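Read off the chains here:
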Amino acid sequence: MSSPASPDPAIHVGTAVDAAQHSTRLRVPVIWGVVFGLVQAVAPLGLWWIRPAAVYGLSLVLIAAIYIGFAV
């Protein structure tokens, strides 16, 4: 009979410290996402002379430009 396979040292087992580091690394992007979401939601109030639909359309174009910039 063969002996049971020993655990592979290359496989990383998560710990509480890893979970805390992951939480910290994830917190900053989530905060930035909330901030930019709020800015986008309030943008038509700040640009009161432009129709809200036009403001949201322009913000979508800017978001698309950012995605294209990351792709390049």
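Look up a bit, the structure's there.
Description of the structure in this document. Not measured: the values here are computed from a predicted model.

## Considerations on the environment of A43
- Mapping A43 onto the fold places it in helix α1 (residues 16-46).
- Since its relative accessible area comes to 24%, A43 is described here as partly exposed.
- Each C-alpha atom, one on A43 and one on V55, is 7.1 Å from the other, the two residues being 12 residues apart in sequence.

## Regarding the packing of aromatic side chains
- Scanning all chains against the criterion turns up 2 aromatic pairs.
- Ring geometry for W32 and F36: centres 5.6 Å apart, planes at 25 degrees, overall stacked. One end of the pair, W32, and the other, F36, are both in helix α1, 4 residues apart, so they sit about a helical turn from each other.
- Ring plane angle 85 degrees and centroid distance 5.6 Å describe the contact between W48 and W49, whose orientation is recorded as edge-to-face. Taken as a pair, W48 and W49 share a single burial class, namely exposed.

## Some words on helix α2 (residues 52-71)
- Helix length check: α2, at 20 residues, gives a terminal C-alpha distance of 29 Å against a target of 28 Å (1.5 Å per residue), a fit within 8%.
- Across the 20 residues that make up α2, only a small minority, 2, are buried.

## Some details on the environment of A41
- Positionally, A41 belongs in helix α1.
- Distance in space between the C-alpha atoms of A41 and V55 is 10.0 Å, their sequence separation being 14 residues.

Cut-offs used in this document
Residues numbered from 1 in each chain as written. Predicted model: local features only at pLDDT ≥ 70, side-chain atom pairs only at ≥ 80, totals over all residues. Heavy atoms only, no water. Helix = DSSP H or I, 4+ residues; strand = E, 2+ residues; numbered from the N terminus. Buried < 20%, exposed > 50% of the residue type's maximum accessible area, 1.4 Å probe, protein only. Phe/Tyr/Trp six-rings, centres within 6.5 Å; stacked < 30°, edge-to-face > 60°. Expected span 1.5 Å × (residues − 1).

That's the geometry; what it means functionally is another story.
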